[in-house]
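# What the coordinates show
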Amino acid sequence: MVDTSLYAAFVVAAFALCVTPGPDMMFVVAMGGRGGPATGVMAALGVAFGALVHAVAAALGLSALFTSLPTLYDTVRWIGAAYLLYLAIKAFRDRSGLGGYDGDAVAGSPGPGRLRTFRQGAVTNLLNPKVILFNVAFLPQFVNPSLGHAVWQLLVLGLTLVLVGLAVDASIGLLSGRLSSLLRRSRRVARGLNVFSGTVFAGLAVRLAITSD
C-alpha cells in the first residue's frame, strides 16, 4: 500500500519533527506541570486525537479549503488564539496549591480534570490551522503515485505521524507530570507551576495570532 523506502524515510522525518519542541509539546508540558502524570498523558492523547482528525481531513482533501480560503484560515487561527488565551487566564487564576491533580475523581477538586484535559488538548490542536496546512504540505511528499490508492497512502502516513507524536508527547507529559507531583509538595512551587502554564498558553496564543503563514 505504501512505498517501503519512502515510508522508512517518513518515519525518521516524523520522529525528528515530533521530538523538536513545538506548540503541542509545550501544551503537554504545561498540562503535566499543572496536573501530574495522568494529566500530562491525557493532554497528549487529546493532541493526538486532534492530529488524527487533521490527518484524515488532509487525506480526504478537505484541508485544501484553507489554502483557497484565507478568511477561513484566519478565522480558525483567531479562534484558536482566543481559546489558548482563555486557558492562560484560567491557569493564572488557579489558586489550588497542594494535590488534586488526579482530577475528575472528586467533584470540585483543584487542578485540571483528565477528561477536561483531553478535550482541551483536542480543541487546541484542532484550532491550529498550521497543523492542517502542515499535513497538506508534508504528507504528499511521501506518497508514491505509481502505487495508486493515494488516499490510503495518506491515511497510513497520517496515522503513523499521529502514533509517533503520541509516543513522544505522552512520554514528555509523563515525565513533566512526575516532576510536578514532587514539586507540588510546596504550595509556592505549585503556584509557580500554574503561572508557568499560563505563560506557556499565553505565549502560544500570541504566536498563533501574529503568525499568519
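About the thresholds
Within any chain, residue numbers begin from 1 and follow the written order of that chain's sequence. Given that the model is predicted, a residue must reach a pLDDT of at least 70 before its local features are reported, and side-chain atom pairs must reach 80 or more before they are shown or counted; all residues, however, enter totals for whole chains, interfaces and linings. As a convention, hydrogens and water are excluded, and side-chain values are obtained from all of the structure's heavy atoms. Every helix listed is a DSSP run of H or I at least four residues long, and every strand listed is a run of E at least two residues long, numbered separately from the N terminus. With a 1.4 Å probe rolled over the protein chains alone, any residue whose accessible area is under 20% of its type maximum counts as buried; one over 50% counts as exposed, and the rest are partly exposed. In what follows, a contact means two residues having at least one pair of non-hydrogen atoms within 4.5 Å. All axes are obtained by fitting lines to C-alpha atoms, using only the stretch in contact for helices, and the reported angles, taken between N-to-C directions, cover 0 to 180 degrees. By the definition adopted for this analysis, an angle is roughly parallel if under 35 degrees, roughly antiparallel if over 145, roughly perpendicular if from 65 to 115, and oblique otherwise. Less than a right angle of anticlockwise turn of the near helix away from the far helix marks a crossing as left-handed, whereas a clockwise turn marks it as right-handed. Remark: nonpolar core denotes a set of buried residues (Ala, Val, Leu, Ile, Met, Phe, Trp, Tyr, Cys) joined through side-chain atoms within 4.5 Å. The patch calculation keeps residues exceeding 30% relative accessible area without a salt bridge and links them within 9 Å when they carry like charges or within 5 Å when they are nonpolar (Val, Leu, Ile, Met, Phe, Trp, Tyr). In these tables, accessible area is a Shrake-Rupley quantity obtained with a 1.4 Å probe, and a residue counts as shielded only by the protein chains included in the view. Salt bridge, as applied in this entry: a Lys or Arg side-chain nitrogen positioned within 4 Å of an Asp or Glu carboxyl oxygen. When the centres of two rings from Phe, Tyr and Trp lie within 6.5 Å, Trp using its six-membered ring, the rings pair. Their planes under 30 degrees apart give stacked, over 60 give edge-to-face, and anything left gives tilted. Polar here means any residue outside two lists: the nonpolar Ala, Val, Leu, Ile, Met, Phe, Trp, Tyr, Cys and Pro, and the charged Asp, Glu, Lys and Arg; Gly therefore counts as polar. The span expected for a helix works out to 1.5 Å for each residue beyond the first. Values of pLDDT, ranging from 0 to 100, describe the predictor's confidence in every residue of the model.

### Quick word on the overall build of the chain
- When helices and strands are tallied, the chain shows 9 helices and 0 strands.
- Reading the chain from its N end, one meets helices and strands in the order α-α-α-α-α-α-α-α-α.
- Per-residue burial for the chain yields a buried fraction of 45% across its 213 residues.
- Restricting the contact set of the chain to residue pairs at least 6 apart, pairs at least 24 apart contribute 81%.

### Looking at the packing of helix 2 (residues 23–35) against helix 6 (residues 114–126)
- Helix 6 packs onto helix 2 with a crossing angle of 160° between their chain directions and a minimal axis gap of 11 Å. Between helix 2 and helix 6, the angle is such that the two are roughly antiparallel. Classified by chirality, the crossing of helix 6 by helix 2 is right-handed. On helix 6, the residues that touch D24, F27 and M31 of helix 2 are T117, Q120, G121, T124 and N125.

### Digging into the nonpolar core
- Ranked by internal contacts, the top residues of the largest apolar core, which has 22 residues, are F27 and F201.
- When contributions to this core are tallied by element, the ones reaching two or more residues are helix 2, helix 3 (37–60), helix 5 (70–93) and helix 9 (187–210).
- The element best represented in this core is helix 5, accounting for 7 residues.
- In this view, F201 contacts F27, A30, M31, L84, L87, A88 and A91; residues no more than four positions away in its chain are not counted.

### Observations concerning the environment of F10
- Along the chain, F10 turns up in helix 1 (residues 4–19).
- Separated by 151 residues in sequence, F10 and L161 have C-alpha atoms that sit 8.6 Å apart.
- Contacts of F10, omitting those with residues within four sequence positions, involve F138, L139, F142, L157, T160 and L161.

### Comments concerning a nonpolar patch on the surface
- On the surface, L52, V56, L60, L62, V151, L159 and L163 cluster together into a nonpolar patch covering about 590 Å² of accessible area.
- Relative to the assigned elements, V56 resides in helix 3.

### Here's the deal with the packing of aromatic side chains
- As enumerated under the stated definition, the model contains 7 aromatic pairs in all.
- Ring centres of F134 and F138 lie 4.9 Å apart, and the angle between their planes is 20°; this geometry places the pair in the stacked category. On the criterion of helical spacing, the pair formed by F134 and F138 is a turn pair, its members being 4 residues apart in helix 7 (residues 129–138).
- When its relative accessible area of 11% is taken as the criterion, F138 is described as buried.
- Grouped by ring-pair contacts, the aromatic residues F10, F134, F138 and F142 constitute a single cluster.

### Side note on the packing of helix 3 against helix 6
- At their nearest, the axes of helix 3 and helix 6 sit 7 Å apart, and the two run at 35° to each other. Crossing hand, helix 3 versus helix 6: right-handed. Facing helix 3, whose interface residues are A38, T39, M42, A43, L45, G46, V47, F49, G50, A51, V53 and H54, helix 6 presents R114, T117, F118, G121, A122, N125 and L126.
- Of the residues in the contact of helix 3 with helix 6, the class split is 11 nonpolar, 7 polar and 1 charged.

### Some thoughts on helix 3
- The end-to-end C-alpha distance of helix 3 is 35 Å, a good match for the 34 Å that 24 residues give at a rise of 1.5 Å each.
- Backbone geometry just downstream of helix 3 places G61 in the positive-phi region, at approximately 85°.

### Some details on the environment of H54
- Along the chain, the position of H54 falls in helix 3.
- Once the C-alpha coordinates of H54 and N135 are considered, the two residues, 81 residues apart in sequence, prove to be 7.3 Å apart.

### Let's talk about the confidence of the model for the chain
- Looking at the chain as a whole, its pLDDT mean stands at 81, while 83% of the residues score no less than 70.
- Helix 4 (residues 64–68) is the least confidently modelled element of the chain, averaging 67 in pLDDT, while helix 3 averages 93, the highest of any element.
- This stretch, residues 97–111, has a pLDDT under 50; its non-local contacts, to residues over four places away or in other chains, come to 31 contacts.

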